[in-house]
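A closer look at the structure
Here is what each chain is made of, one letter per residue.
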Amino acid sequence: MSDEVLRQVKWLVDQALDEFGGFFKKIDSGRYRAVQGSAEVFVAVEREQDGEVLVRIHAPVAYHAAPDQLDLAFLLQANGTLPVATFALDEARTITVGQTLYGEHLHPEHLRKAVRAVALAANCLDELIAERTAGKRSIEVKPWLR
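Everything quoted here is computed from the prediction, not taken from an experiment. (Residues numbered from 1 in each chain as written. Predicted model: local features only at pLDDT ≥ 70, side-chain atom pairs only at ≥ 80, totals over all residues. Heavy atoms only, no water.)

Taking 1.5 Å of rise per residue, 26 residues should cover 38 Å, and helix α3 (residues 108-133) covers 35 Å from first to last C-alpha, within 8% of that figure. Residue L125 marks the point of greatest curvature in α3, where the axis turns by about 50°. Along α3, the residues that are buried comprise L111, R112, A114, V115, V118, A119, A121, A122, D126, I129, A130 and T133. A134 sits one or two positions beyond α3 and adopts a positive phi of about 55°. (Helix = DSSP H or I, 4+ residues; strand = E, 2+ residues; numbered from the N terminus. Expected span 1.5 Å × (residues − 1). Bend = angle between axes of the 7 residues up to and from the residue. Buried < 20%, exposed > 50% of the residue type's maximum accessible area, 1.4 Å probe, protein only.)

Any two packed helices are characterised by how steeply their axes cross, that is the angle between the axes, and by the distance between the axes. At their nearest, the axes of helix α1 (residues 3-18) and α3 sit 10 Å apart, and the two run at 60° to each other. Classed by the angle they form, the pair α1 and α3 counts as oblique. In terms of crossing hand, the pair formed by α1 and α3 is right-handed. Each of L12, V13, A16 and L17 in α1 lies in contact with α3, whose residues at this interface are P108, L111, R112 and V115. (Axes fitted to C-alpha atoms, helices over the stretch in contact; angles between N-to-C directions. Parallel < 35°, antiparallel > 145°, perpendicular 65-115°, else oblique. Left-handed = near helix turned anticlockwise from the far one by under 90°. Contact = heavy atoms within 4.5 Å.)

Another point: unusual backbone geometry. One non-glycine residue, R93, lies in positive phi territory at about 65°. One can find R93 in the loop between β5 (86-89) and β6 (95-102). Although it is not a glycine, A134 sits at a positive phi angle of roughly 55°. Note on placement: A134 falls in the loop between α3 and α4 (138-141).

Right, let's talk about the nonpolar core for a bit. Grouped together as the largest cluster of nonpolar side chains are 38 residues, with contacts concentrated most on V13, V43, V55, I57, V97 and L111. For this core, the secondary structure elements donating two or more residues are α1, β2 (31-36), β3 (39-47), β4 (53-62), α2 (69-79), β6 and α3. Broken down by element, this core gets its largest block of residues, 9 residues, from α3. Apart from residues lying up to four places away in sequence, V97 is in contact with I57, H58, A59, V61, L82, A85, T86, F87, V118, A121 and A122. (Core = buried A, V, L, I, M, F, W, Y, C linked by side-chain atoms within 4.5 Å.)

Okay, the confidence of the model for the protein chain next. The share of residues in the protein chain with pLDDT of 70 or more is 99%, and the mean pLDDT across the chain is 91. The secondary-structure element of the protein chain with the lowest mean pLDDT is α4, recorded at 90, while β4 shows the highest, at 96. (pLDDT = per-residue confidence, 0-100.)

Our focus in this paragraph is the sheet that holds strand β1 (residues 25-28). Adjacent strands of a sheet form backbone hydrogen bonds with each other and so pair up, either parallel or antiparallel. Strand order in the open sheet formed by 6 strands is β1-β2-β3-β4-β6-β5, and the pairing between neighbours is antiparallel. Sheet topology places β1 and β5 at the edges, where each strand pairs with a single neighbour. When strand polarity is set aside, the average angle formed by the axes of neighbouring strands in this sheet is 30°. Summarising the sheet, β2 and β3 pair through 6 bridges and their orientation is antiparallel. Residue pairing across strands places Y32 opposite V43, the latter belonging to β3. Each of β1, β2, β3 and β4 is contacted by α1, which is oriented at about 155° to β3, the strand it contacts most. Across the sheet, α2 touches β5 and β6, and the angle it forms with β5 is around 150°. (Pairing = 2+ DSSP bridges.)

Applying the stated criterion across every chain yields a total of 3 aromatic pairs. Ring geometry for F23 against F24: centres 5.4 Å apart, planes inclined by 85°, an arrangement best described as edge-to-face. By relative accessible area, F23 is classed as partly exposed at 27%. Counting every residue linked through ring pairs, the aromatic cluster contains F20, F23 and F24. The lysine or arginine in question, R132, covers the ring of F74, its NZ or CZ lying 4.3 Å from the ring centre. (Phe/Tyr/Trp six-rings, centres within 6.5 Å; stacked < 30°, edge-to-face > 60°. Lys NZ or Arg CZ within 6 Å of the ring centre and 35° of its normal.)

Structure (structure tokens):
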């Protein structure tokens, strides 16, 4: 993908997130952050190694999590029931809920719907998942979010 596609996707994301009325704060070019209740939501425009431009929307729901096999099974099952988002566990033991969109054919309304879905899922499920996995919610790790 060209630099022009990356620039256009960043512009489109910027415009689409502006419609949330100041809810999202720009971190830097192509990266945004918002607080939804007890959760933080991040949006990032990124170029992959193959040149593909992606828009990643994610929200940490449990930091320092210690999920057991039943918790992992619960998250896998939830991945099949959430309409537009999936859970992931990273090497730092952070469980996130998120969605990735292709940038080249991104439609602003699809982006806004995906952002709403991730933010709502994170805010509604962070307490349950943090409790199940002995993790901490964003608001507990970052008390300044209150």
